[in-house]
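# Summary of the model geometry
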Amino acid sequence: MDKSFSESIEILKTLYDFSAEDMQILERVDAAASELVPSEIDHYLKRELNTDAPRIAKKHGILGLPIDKKYGGLGANPLVGVLAGERFGQVGLGFSTFFGANVMLGQMSVQMWGSDEQKERYLRRAAAGDIIMAFGLTEPEAGSDPMSLKTNYEKKGNKFVINGSKYFISNGGIADALIVFARSKDKPDEISAFLVDTDTKGFGVEMDLTEKIGLFTSNTAMLSFQDMEVPEENVLGTLGNGMYVAYSSILNGRMGVASACTGVIRDCLNASVDRARERVQFGKEIGKHQLIQEHIAEMALNLERTRWPTYITALRAIEYGKNPSAELVRELDQRSAIAKRIASRAVWESADHAVQVFGGFGYSLLSPVGRHYCDARVTRIFEGTDEIMELKIAEHILGKGFRAF
Ligand SMILES: Cc1cc2nc3c(=O)[nH]c(=O)nc-3n(C[C@H](O)[C@H](O)[C@H](O)COP(=O)(O)OP(=O)(O)OC[C@H]3O[C@@H](n4cnc5c(N)ncnc54)[C@H](O)[C@@H]3O)c2cc1C
């Protein structure tokens, strides 16, 4: 098992009693991550989607990681989930994004809100790796403020007809099914979530966004829906509860992003330590220059700053699974926002420190830290920007009347 990954598991054993089954899942995750690395690098250097990743992940049976065993998943609890997220982060944010959109946002929405029939139809196949899922909330004019979304639906017979577009959707161009959030044409206050098969007439991928500043191995697409007919049994949850579906899923997504950032910081630190021990300038290893030690220390501090809020959020999510309450949902909303906000800034700074330790080679995508540097920036934007996280954190402390977003 990867040395850093074992170290994270060992340190958590002081807080949590991992079962033999938990350990088997973590070993499986580790094996998948090790096999993913060469293909991630290969596709990254070609600036293209990693088309091998779904097959490798499926082979290791990790695509239903947090999904109930009843639907073919591994039934991993949130702590095992964030450890897995951390290990995938070491591989790179491209794979983490594929996994996050497919599993943490797509599959988890169905697990939390789907009917038994929807779970049989979508979750079972997605957990097995037979289909890929995505989560379509953002629109050209509705990003930080998803309540302003314009995609609309209208009931016609036993179908809903959806028109509109979605923007920046991870896996959108490769998904077999996705969750689409739309507003009722007749009752504009009503937002609902729909399970949509991407082979439905009227569904279109307008563009795969390849002109990104990183995250090359993950698909980001712009989607359009023209008179797209969705059967009424594909409403996820109940009509009008779309934003509950969205917000509860994003909470899992934020934990996923924070854990991925932990893994990226870990990889930046490991790579920088190796480099600082090997690279010689002015007659000694650069790690013996005190200013390089400062970069190393900052990355180590960022690792600790990031991992603990993420682990604690996951432990509280385990508690929520045992004793659900509205109070614990609010706590998880706050904790996941804190974990994500700390992680996104820490990963960005750490990638910068790592590039500095590497010097010119760090500026190249041939170095792991160069790739992390390009990818890390997006964590301050997706799944809620840094600014929105800060406003949410403050609102939780000040009280509802102080909501500033
Ligand atoms: C690579 C990538 C993948 C993505 N994947 C998905 C996906 O799978 N599904 C999905 O639905 N979306 C996805 N997104 C979209 C992402 O969630 C949005 O980009 C994000 O929520 C921000 O929205 P926006 O880009 O419209 O920025 P805007 O909302 O326009 O924000 C622009 C700036 O204004 C700030 N701002 C906005 N409102 C306020 C306020 N009230 N107070 C202070 N500052 C404010 C923001 O923080 C930001 O700095 C993805 C984005 C990227 C880049």
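Residues numbered from 1 in each chain as written. Predicted model: local features only at pLDDT ≥ 70, side-chain atom pairs only at ≥ 80, totals over all residues.

What follows deals with the overall build of the chain. Within the chain, the secondary structure is distributed over eleven helices and ten strands. In terms of overall dimensions, the chain is globule-like: its C-alpha atoms have a radius of gyration of 21 Å, near the 22 Å expected for 405 residues. Counting across all 405 residues of the chain, residues that qualify as buried make up 50%. Expressed as a percentage of contacts within the chain between residues at least 6 apart in sequence, the contacts between residues at least 24 apart total 72%. (Helix = DSSP H or I, 4+ residues; strand = E, 2+ residues; numbered from the N terminus. Rg over C-alpha atoms; globule rule 2.2 N^0.38 Å. Buried ≥ 20, exposed ≤ 12 C-beta atoms within 10 Å, placed from the backbone. Contact = placed C-beta atoms within 7 Å.)

Within the structure, the ligand sits among 21 residues, and Leu137, Gly143, Ser144, Thr385 and Glu387 are positioned closest to it. For the shell around the ligand, the elements supplying multiple residues, two or more each, are β1 (133–136), β3 (159–170) and α11 (386–398). Classifying every residue of the shell around the ligand gives twelve nonpolar, seven polar and two charged. Two domains each donate at least three residues to the shell around the ligand, and these are domain 2 (135–236) and domain 3 (242–402). (Near = placed C-beta within 6 Å. Nonpolar A, V, L, I, M, F, W, Y, C, P; charged D, E, K, R; others polar. Domains from an automatic or database assignment.)

With that settled, consider the pairing of strand β5 (residues 191–197). Counting buried positions along β5 gives six out of seven residues, so the element sits mostly inside the fold. In the sheet, strand β4 (residues 177–184) pairs with β5 via seven bridges, with the strands oriented antiparallel. Counterpart to Arg183 in the pairing with β5 is Ile191. Summarising the sheet, β5 and strand β8 (residues 235–236) pair through two bridges and their orientation is antiparallel. Paired with Phe194 across the bridge in β8 is Val235. (Pairing = 2+ DSSP bridges.)

As a further point, take the nonpolar core. Formed by 116 residues in total, the largest nonpolar core has its most connected members in Phe194 and Ala351. Sorting elements by how many residues they give to this core places helix α9 (residues 326–358) first, with 14 residues. (Core = buried A, V, L, I, M, F, W, Y, C linked by C-beta atoms within 7 Å.)

Attention now goes to the domain arrangement of the chain. Domain boundaries assigned for the chain yield domain 1 (3–132), domain 2 (135–236) and domain 3 (242–402). Relative placement of domain 2 and domain 3: their C-alpha centres are 29 Å apart. On the domain 3 side, the residues contacting the 13 residues of domain 2 number eleven residues.

Now for unusual backbone geometry. Here Arg47, not a glycine, exhibits a phi torsion of approximately 55°, which is positive. Note on placement: Arg47 falls in the loop between α2 (20–45) and α3 (53–59). Using a count of 13 C-beta atoms within 10 Å as the deciding quantity, one classes Arg47 as partly exposed. In the Ramachandran plot, Leu215 falls in the positive-phi region, its phi being about 55° despite a non-glycine side chain. Take Leu215: it is sitting in the loop between β6 (203–208) and β7 (220–231).

Our focus in this paragraph is the packing of α9 against helix α10 (residues 368–376). Between α9 and α10, whose axes approach to 9 Å, the crossing angle comes to 150°. Regarding the angle of α9 to α10, the classification is roughly antiparallel. Handedness of the crossing formed by α9 with α10: left-handed. Contacts from Val347, Trp348, Ala351, Asp352, Ala354, Val355 and Phe358 of α9 reach α10 at Val369, Gly370, His372, Tyr373 and Ala376. (Axes fitted to C-alpha atoms, helices over the stretch in contact; angles between N-to-C directions. Parallel < 35°, antiparallel > 145°, perpendicular 65-115°, else oblique. Left-handed = near helix turned anticlockwise from the far one by under 90°.)

Running from N to C, helix α4 (residues 78–91) and helix α7 (residues 242–278) point in directions that differ by 45°, and their axes come no closer than 6 Å. Taken as axis vectors, α4 and α7 run oblique relative to one another. The two elements α4 and α7 meet at a crossing, and its hand is right-handed. When α4 is examined against α7, the residues Pro78, Val82, Gly85, Glu86, Arg87, Phe88, Gly89 and Gln90 are found in contact with a partner set consisting of Met255, Gly256, Ser259, Ala260, Cys261, Thr262, Gly263, Val264, Arg266 and Asp267. Its residues assigned to classes, the contact of α4 with α7 shows seven nonpolar, seven polar and four charged.

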